[in-house]
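Take a look at the letters that make up each chain.
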Amino acid sequence: MSNLYVEVDDDALADAAAILGTKSKKDTVNAALHEVARRRRRLEALEELMEMGQRGDFDILLDKANYRR
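Residues numbered from 1 in each chain as written. Predicted model: local features only at pLDDT ≥ 70, side-chain atom pairs only at ≥ 80, totals over all residues. Heavy atoms only, no water.

1. Description of the environment of A18
Okay, step 1: Structurally, A18 is set in helix α1 (residues 10-20).
Okay, step 2: Given a relative accessible area of 64%, A18 falls into the exposed group. (Helix = DSSP H or I, 4+ residues; strand = E, 2+ residues; numbered from the N terminus. Buried < 20%, exposed > 50% of the residue type's maximum accessible area, 1.4 Å probe, protein only.)

Written out as structure tokens, the structure is:
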């Protein structure tokens, strides 16, 4: 873990703590950084699914005869 000394916006930090449910400044900053990274990975996964849909990778699901019973 790195030590990093930065000035942060107190109002934004308080808002983030309320949203994330964190108590300390350190926990809030770390949780916010993790959330940004997770959000980016989710967005990339959704973009990949969208591309698969546009390619027709899920078209087989439109034919009810292909469903398992």
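2. Re α1
Okay, step 1: Here α1 starts with a cap whose side-chain oxygen sits 2.8 Å from the backbone nitrogen of D11, and that cap is D9.
Okay, step 2: G21 lies just past α1 and shows a positive phi near 75°. (Polar contact = N/O pair within 3.5 Å; in protein donor to acceptor, adjacent residues only side chain to side chain.)

3. Examining the environment of V8
Okay, step 1: Looking at the element boundaries, V8 is found in the segment before α1.
Okay, step 2: Expressed as a C-alpha distance, the spacing of V8 and E44, which sit 36 residues apart in the sequence, is 28 Å.

4. A look at the pattern of salt bridges
Okay, step 1: Scanning the entire structure with this criterion turns up five salt bridges.
Okay, step 2: For E35, the salt bridge identified is with R42, shortest N-O distance 3.0 Å.
Okay, step 3: Linking R55 and D57 is a salt bridge whose minimum nitrogen-to-oxygen distance equals 2.7 Å.
Okay, step 4: The class of R55 is exposed, set by a relative accessible area of 56%.
Okay, step 5: Overall, the relative accessible area of 36% leaves D57 in the partly exposed class.
Okay, step 6: Each of E35, R38, R39 and R42 takes part in salt bridges that share partners, so that together they form one network. (Salt bridge = Lys/Arg side-chain N within 4 Å of Asp/Glu carboxyl O.)

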